[in-house]
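Spelled out, the chains give:
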Amino acid sequence: MTFGKGHHLHLIDGSAFIFRAYHALPPLTRKSDGLPIGAVSGFCNMLFKLVEDNAGPDAPTHVAVIFDHSGKSFRNDIYDKYKANRPPAPEDLVPQFPLTRDATRAFNIACIEVENYEADDIIATLACKARDAGGRVTIISSDKDLMQLVGDGVEMLDVMKNKRIDRDGVVEKFGVGPERVVDVQALAGDSVDNVPGAPGIGIKTAALLINEYGDLDSLLARAEEIKQPKRRQTLIDNAELIRISRDLVKLDCDMDLDISLDDLEVREPEAEALLEFLASMEFRTLTKRIADKLGVDTPVIPDTPRAIEAAQADAPDAPPITPDSYEWVKDAAALKEWIDLIYSRGWVAIDTETTGLDEMQADLVGISLCVNAGHACYIPLAHKASAGDDLFASDALAEGQMDLETALEMLKPVLADPSILKIGQNLKYDAKILKRYGLEMAPIDDTMLMSYALHAGEHGHGMDTLSDRYLSHEPIPIKSLLGSGKSAVTFDKVPIEDAVKYAAEDADITLRLWQLFKPQLHVKQVTTVYETLERPLSPVLAQMEMNGVMVDRDVLSRMSNAFAQKMAALEAEIHEKAGQPFNVGSPAQLGEILFDKLELPGGKRGKNGKYSTGADILEDLATEHELPGLVLDWRQLSKLKSTYTDALQDHINPETGRVHTSYVQTGANTGRLASTDPNLQNIPVRSEEGRRIREAFVAPEGKVLASLDYSQIELRILAHVAGIDSLKQAFRDGLDIHAMTASEMFGVPIEGMDPMVRRQAKAINFGVIYGISGFGLARNLRIPRKDAQEFIDRYFERFPGIRSYMDETVAFAKEHGYVRTLFGRKIHTPEIAAKGPKAGFAKRAAINAPIQGTAADIIRRAMIRMPAAIEGLPAKMLLQVHDELIFEVEEQAAEETIERVRNVMETAAAPAVHLDVPLVVDAGTGRNWAEAH
DNA sequence: CTAGAGCGCTCG
DNA sequence: GTACGAGCGCTCTAGC
């Protein structure tokens, strides 16, 4: 049978269906694993309704669902900004795109998409073919771009409004017949698709002009005749843009399709395949309805959520992880194919290989990509030829590599494309490397951050850990390629064939982890944490790290020399008092001197049978002998010199003259950041001598450093979460909280309070945050344990809400295995069920985590909002130290900057959380960090 | 020679 | 046996 007169073709605009379904329905998720399926559900219902409605006399004989092939089309070659303003598809819709194709096939309906073309072109080509063959066509869509096809037996049907659109309908909408629709659209433009058109001309005016002049070409040719000066000028000025617009809106009726109309003949669904699909989506109602209609038994959909392991076993289509499937991309043609694949998929896992771990200095060596489990490649860009390959130049590049600049030029639009999701493991690293090469990357998903949101406290979040744990696969160790220690080489020396296996595997593993984690975010109810506290922070940190802080080498160097001299003098004195030379830096040797040779009291041995010689012990011994005090002085200098004045100099970047720390977003289980290489969160401040190190952290000429820190944020949070009215009121009244505590506990007036009493209250306040114990407080205050316990008892008596908060928190942790911050962050406490000393640790950690974690969440929220808040000011955010943010700002803008930053910090909890206590931020500025703090 | 544990000290 | 959360430099030793 050949398609012809008497036949009726239905062409369904699949993409329109998907978006309509997505927006019409709440965000449904599959019960077993949280996979978002709202759009698929709506899509299936719409398909089913069509099938049901197709029983009547007007039923189609042929039907097809047409989809847009994701990514770019030939129209982008005509006009590169085509559809450029279109926002990316929502996160939870992206994984549903392929499922709607599966659904179409499950209904046994032809499913068509063609690379480089839009659905509208395929619809146009099929509609023209069918019309020419003498058949009828109904286009099921409300897209006005398709109205140019109406007429001669072609109609549109808007299923939502249940309205047919024929020739008259088109005239009603455009003021012209279908054959002139393109002309009107070319003039009017379309802001949604970013079709330029002629500025100032809308559909009404366009129709008027076309009706007057006949068609677009005549209009443009006779533009001079137009009476209205503005219209005349805009048509003359924009003639070229208008012609381009016409090319953009004109649908291609003459595509080469390898499918014929006869292939589209209506087929009955195959019950088994359709029901299997519906059951796999866990659509209970629809499965039953369709099973009933088809007259077969409804398949059973299990109610119990599957475990992760089951979900994995459930995906037999994921091929095993093997280097055999990885591709070595050698030239632009091969890379182009990968880029096309990325566009067709909508996402890509990416990983960069470099010559080192310092993102501010390492060079790019290659890039790996993965679009699908097992489908990965490596693009080597700067591998060196091995010595044997080229006798003349040892730094010659190896064969089989494409030009680095060409590759980056090709990848640049993909990485910046808002419709392409870039997936990585610790993407901040790759983003910084690529940024140094001029490439921006957005939007992103980071499997490390996902793991952190899901599993903080349960395990680490490095790729090796995750791969082993969730994919049961041990990745190729980097050491097997680079070696280790002195003989280690950089990645550019690795033979490319080895690099391909290693690098592509990393991208492959990352993509697989993403596929596992993404749906889990919903299931574990940490989507908001991930989306609002993790994902948006990563680029902010990257920018801070790249900003760096200026450090004055000379200041450090001078201090270092001074320390060295003092240490030498102390060392001589120490040896003299000890009666023999020994390594003062060796606790083991010191212990023997103190406790064996000098026979001082209190020698306690640690785990390895060595004496403990910690500061607290030496302080106690200082009353017995001169030696311990000298050692303490020596240790302070030694610490300052080695960790700060010496090591810090090595971290000054030779190109920027600044120190660029790295923040580990997943470093602390509570949500705090960790700072490494170097750690700038533990620069001395408590001792006078140590604080001087901060004088080396400076602002350049004409600028100052501004430091803003939350005052007592953790105690404020404690007052809020434990609901202690008197503490909350004290914070509202701006009282000295430690003095107030002392006053409440001991019944003494705040005025003229003994500083010792206040100090004890302060220790108790902090102790509470840490999960207080009599032993700990006793040791901290150096008072008998009994006295400490009395203090604690009295404290709980006065603030009973604190005790119940602690008890409830521990009970919650025992029941659920985790605790939560006010913003929903989960911190797992797997040891809470343990016996013995571990239980104590876990209990205190569980008490502390919601407090410390909520404070961490608040400053994260402030940091995420900060770039927008200081936009336009000559100010840069440089550092975070848990409750403090440090900025570098031009002197005359310091006041304005502080005002804006303070405002963001003080309101950072809102609107997600309303605190019963105010957040207060102290601020200071100075030429260096010591002055600013 | 190297990796890792343990100690001790720095910060919030 | 004990305050909560981190990173890093040094010493020392087990194991290649």
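Everything that follows concerns the structure shown earlier in this document.
Just so it is clear, the model here is predicted, and its values are computed rather than measured. (Residues numbered from 1 in each chain as written. Chains lettered and ligands numbered in written order. Predicted model: local features only at pLDDT ≥ 70, side-chain atom pairs only at ≥ 80, totals over all residues. Heavy atoms only, no water.)

Caption draft 1: Structural detail: the protein's contact with DNA strand C. Residues in close proximity to DNA strand C total 34 residues, the closest being Ser586, Asp677, Asn679, Arg779 and Arg844. Counting only the atoms of DNA strand C that lie within 4 Å of the protein, the sugar and phosphate share comes to 66%. In this structure, Arg672 approaches DNA strand C through a side-chain N or O atom, which is 3.4 Å from a base nitrogen. At a separation of 3.3 Å, a base nitrogen of DNA strand C approaches a polar backbone atom of Ala763. (Near = heavy atom within 4 Å. Polar contact = N/O pair within 3.5 Å; in protein donor to acceptor, adjacent residues only side chain to side chain.)

Caption draft 2: Quick peek at the packing of aromatic side chains. Scanning all chains against the criterion turns up 14 aromatic pairs. Taking the centre distance of 4.9 Å and the plane angle of 55° together, the rings of Tyr795 and Phe799 count as tilted. For Tyr795, a relative accessible area of 1% corresponds to the buried category. For Phe799, a relative accessible area of 1% translates into the label buried. The rings of Phe17, Phe43 and Phe67 are connected pair by pair, giving a single aromatic cluster. (Phe/Tyr/Trp six-rings, centres within 6.5 Å; stacked < 30°, edge-to-face > 60°. Buried < 20%, exposed > 50% of the residue type's maximum accessible area, 1.4 Å probe, protein only.)

Caption draft 3: Quick look at helix H32 (residues 755-769). Counted at 1.5 Å a residue, the expected span for H32 with its 15 residues is 21 Å, and the 21 Å between its end C-alpha atoms agrees. Those residues of H32 that are buried lie in contact with helix H29 (713-722), helix H31 (737-746), helix H33 (774-781), helix H34 (785-798), helix H35 (800-816) and helix H36 (837-869). For H32, the capping residue at the N-terminal end is Asp754, with a side-chain oxygen 2.9 Å from the backbone nitrogen of Met756. Among the residues trailing H32, Gly771 stands out with phi positive, at a value near 80°. (Helix = DSSP H or I, 4+ residues; strand = E, 2+ residues; numbered from the N terminus. Expected span 1.5 Å × (residues − 1). Contact = heavy atoms within 4.5 Å.)

Caption draft 4: Quick look at a negative patch on the surface. A cluster of acidic residues, Asp787, Glu790, Asp793 and Glu797, forms a negative patch at the surface. The residue Glu790 is located in helix H34 in this model. On the basis of relative accessibility, which here comes to 43%, the residue Glu790 falls in the partly exposed class. (Patch = residues over 30% accessible without salt bridge, like charges linked within 9 Å, V, L, I, M, F, W, Y side chains within 5 Å. Areas by Shrake-Rupley, 256 points an atom, 1.4 Å probe, with all protein chains shown as cover. Salt bridge = Lys/Arg side-chain N within 4 Å of Asp/Glu carboxyl O. Lys, Arg positive; Asp, Glu negative; His and termini not counted. Charge placed at Lys NZ, Arg CZ, Asp CG, Glu CD.)

Caption draft 5: Looking closely at the sheet that holds strand S7 (residues 327-328). Strand order in this open sheet of 6 strands is S7-S10-S9-S8-S11-S12, and the pairing throughout is mixed. Edge positions in the open sheet fall to S7 and strand S12 (444-446), since each of these has one partner strand only. Of the strand pairs in this sheet, strand S11 (residues 421-424) and S12 are connected by 3 bridges, and their pairing is parallel. When the bridges of S12 are listed, Gly424 appears paired with Asp446. (Pairing = 2+ DSSP bridges.)

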